[in-house]
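Each chain is listed here by its residues.
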Amino acid sequence: MPSLTQAEAVRRAALLAVDSYAVELDLTRGDQLFGSVSRIRFRCHQPGESTFVELTGRPVAATLNGAPIELDHRDNRVTLPPLAADNELVVIAEGEYTRSGEGLHRAVDPADGEVYLCASSAPDNAQRVFACFDQPDLKATVTLSVTAPAPWTVLGNGAGTRGATESGSDAGAVARWEFEPVGPMSVYLFTVCAGTFHSRYREHDGIGYGWHCRASLAEHLDEQADELFTLTERAMDWYQRTFAMRYPFGAKYDQVFVPEFLYGAMENIGCVTVRDEWLYRSAVPDSERQLRAMVIAHEMAHMWFGDLVTLRWWDDLWLNESFAEFLGFRVVGEVSRYADAWGFFGVFRKLPGYQADQGPATHPVAPTDVPDVAHGLLNIDAISYPKGASALRQLAALLGEDTFFAGLRAYFSRYAYRNATLADLIGTLSEVGGVDLTGWADRWLRTTGVDVLTAHTRVDAAGRYSAVEVARSAPAGGPVRPHRIRVGWYPATGTGEGIPVTLPLTDDPVPVPELVGRPAAELLLLNDADLTFARVDLTPAELDRLGAVLPAMPDAASRAVVWTNAWELVRAGRWPAERFVELAATALPAEPSPGLPPSVLRLCERAADTYLPAERRDPALRVLAGLARVLLAGPHRLLAASVLARCAVTDEELELLADWRRGERVPEGVPVDAELRWSILFRLATLGLAGPAEIDAELTADHTAAGEVAATRCRAALPDVAAKRAAWQLLMADRSISNRHLAAVGEGFWRPEHAVLTDEYVPRYFAELPGTAAWRSPGLLLVAVGSGYPSTAVSERTARLGAELLARDDLAPMLRRKVVEADHEIHVALAARAAAR
Ligand SMILES: [Zn+2]
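Residues numbered from 1 in each chain as written. Predicted model: local features only at pLDDT ≥ 70, side-chain atom pairs only at ≥ 80, totals over all residues. Heavy atoms only, no water.

Student: Whenever I open this one, the packing of helix α13 (residues 577-587) against helix α14 (residues 597-611) confuses me. Can you help?
Tutor: The axes of two packed helices give the description: the angle between them and the distance between them. Where α13 meets α14, the closest approach of the two axes is 9 Å, and the angle between their N-to-C directions is 150°. Considering their axes alone, α13 and α14 lie roughly antiparallel with respect to each other. For the crossing formed where α13 meets α14, the hand is left-handed. Packed against α13, whose contacting residues are A577, F580, V581 and A584, the element α14 presents V600, L603, C604, A607 and Y611 at the interface. For the contact of α13 with α14, a count of residues per class yields nine nonpolar, no polar and no charged. (Axes fitted to C-alpha atoms, helices over the stretch in contact; angles between N-to-C directions. Helix = DSSP H or I, 4+ residues; strand = E, 2+ residues; numbered from the N terminus. Parallel < 35°, antiparallel > 145°, perpendicular 65-115°, else oblique. Left-handed = near helix turned anticlockwise from the far one by under 90°. Contact = heavy atoms within 4.5 Å. Nonpolar A, V, L, I, M, F, W, Y, C, P; charged D, E, K, R; others polar.)

Student: Just checking my understanding: could you explain the layout of surface pockets for this structure?
Tutor: In this approach a probe as big as a water molecule rolls over the atoms, and the regions it shows empty are the leftover space. In this structure, the second largest pocket encloses a volume near 1,100 Å³. Taken together, the residues of the lining of the second largest pocket break down into 22 nonpolar, 10 polar and 10 charged. Domain assignment of the residues forming the lining of the second largest pocket places at least three in each of domain 1 (6-283) and domain 2 (310-445). (1 Å grid on protein atoms, 1.4 Å probe; cavity = no way out; pocket = protein on both sides within 12 Å on 5 of 7 lines; lining within 4 Å. Points joined across faces, edges and corners; volume = space filled by probe spheres on them. Domains from an automatic or database assignment.)

Student: Can you walk me through unusual backbone geometry in this structure?
Tutor: Peptide bonds are mostly trans, and most non-glycine residues show a negative phi. With omega at -10°, the peptide bond leading from A122 into P123 counts as cis. Summarising the element assignment, P123 is placed in the loop between β10 (115-120) and β11 (140-149). Put simply, G183 and P184 share a cis peptide bond, and its omega is 10°. Tracing the sequence through the fold places P184 in strand β15 (residues 182-185). Notably, N527 is not glycine yet its phi reads approximately 65°, a positive angle. Position of N527 among the secondary structure elements: in the loop between β29 (523-526) and β30 (534-536). The class for N527 is buried, based on a relative accessible area of 1%. Its identity as a non-glycine residue notwithstanding, R665 has a phi of 55°, on the positive side. (Buried < 20%, exposed > 50% of the residue type's maximum accessible area, 1.4 Å probe, protein only.)

Quick look at the structure:
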């Protein structure tokens, strides 16, 4: 379908002012289709002109100002006749439920057969639900009514009221729900969730909060409700206090755990949707709870950044996401027990940000070239989120926090319920701060690439610094960026000290006189406390000492800087991947923060799977499994159990895992629950130590949505020809597969252990993938490349096939972007392997 271009959006915004939508949905028409009526009141500034309304579905009838109009519906657009000054357009349509998480998604819970619907409208999928002017700067009030099966709960952006039960048609009894008007709002923030939800409610400070999940997860919501509500309430208090403004969308705030949600969560006004894997049904490490807390705070930040003041066009996605990312971590650090939020941010979010910013698909935080919505969608990535958030941390440091937040308050009051751009934000902050920030914004937000900070030191005969300077190099061709950093001095004894240093807009190295005369450090860490977005050099001698230095460093964010930059050296082929794994084995047992080990361990697995030649993978896995067994005795035991389940290689370890599944030799404090049982089974299936019978038996014991996905992953991981053939069919040809199952197939299919078995599929992947773009939505393409790419087939051939695919000029934007990224990772892995030899 043609994607709305920026030029079309500008033209239409100049022509129209939209006042209101009255949307009626009929969810009682069976398992394929739903009905919609969209009644749009809008004004036209040039009567007699025409435009179009978007609809991805089948229009049944339409009237403009009471007169029927001929349905000129091509692709996703209905062309309108000449407009009057004041207009009422009514479009009656029928839409299809999706399986991709875009538009109105329909999921069936295998646990009990219950149906759950959820509308995801961003960035241009409101048109899959009802006819609309699908662009963010045509805000209007939206009033929703829904007819649904009588037993269902229906949730929307506004507060809903259920009417009396009526006898319906074939579908049985129905009920009609009426929702309070919301807005003015952008239609990409529209949602409706419907099904037999289990709900919990709590009121705090005049706002009614709701948490909802599917019925089969009710016991888990009941058990976790207090934690969820408490976090929600504290975060809302923080935002209202800091922004000096009440929550701007009425007196209710729902959060809904949604099956098969495509992304992590979505900031629909008054009704945030969240992937329901985050309602835990098994024991999880604290890092998972920290992540969920961050997501709650992130989506809530959007109620101001995005929902109240909305980007005018998708080139300013960062105005939504960079702020929500920054505040999500910041607020969790202040209102929860997870005080190490910036350390977590460093390894979990910024590290991929550095990776993305040094890859071929990078773009400025605030790009100027987003020609259509399809290209805007591509920037939901590690640049718009963590790099942008890092830039905002720098900006807050530059202005001072008080001025920074005063500027944001002024921005909200100036642009409330309207749209804004980069220039509007920077203009307001400049005004409030009394400093022109245009140059800062140009250097930080309009450029790409990572600055590198290097220390130049001289040490005297007594082992003391006689000179220390910080030098900075900008990415090729880029301008120098200003930085406010801390230089961390970590001596052989003691906990070290961070010295503030400002790097102004000059190329000259900046001296650090405070360090002169001090003993030379074991580690001199530029970007201590992780205040800026820059790579820092670690010397070979420093790398050798990290195992001793890391456990003595008191600040999680600083330790995250060490891990990030050590990893950068692995990726650059300057430090063998095995050394990184060994460092983890040395340092993680002493790591107190819950936020760091999961990311570091994932990197270790990635190093073993892709950055080491095949024959050196098992030795690295043995180190990891050994580390996991050490961690089993400490606070990271839940994490350790899952790592052992993924990395076990020796007979003894595999027998131990098999025993765990039988409830034997289980370490204290490690419940062998559904998720861990599936993890172990996946490992055993991958190695041919369990087969279809064990998978079927496990699924019988855990006949849930999560169980079905896990079973799909296990079946794709069976090391035999027939299993791979069946998995391939699902991966490349099944048009009804859900996003979750598609991802699971990809994860199971390309196991490093199965290189011989899957070898013939590598060229087939590149040959068949482009054809799937004809019937796959952007969301499913994202998964088909994200999880389906042969990332473990690290070879010159895979690189060549990637290059050949990218040489085609007919790839859909999402397909091209994801392949560019995945192909780059093959090249990185090849370089890392070359260095490992
Ligand atoms: Zn967001």
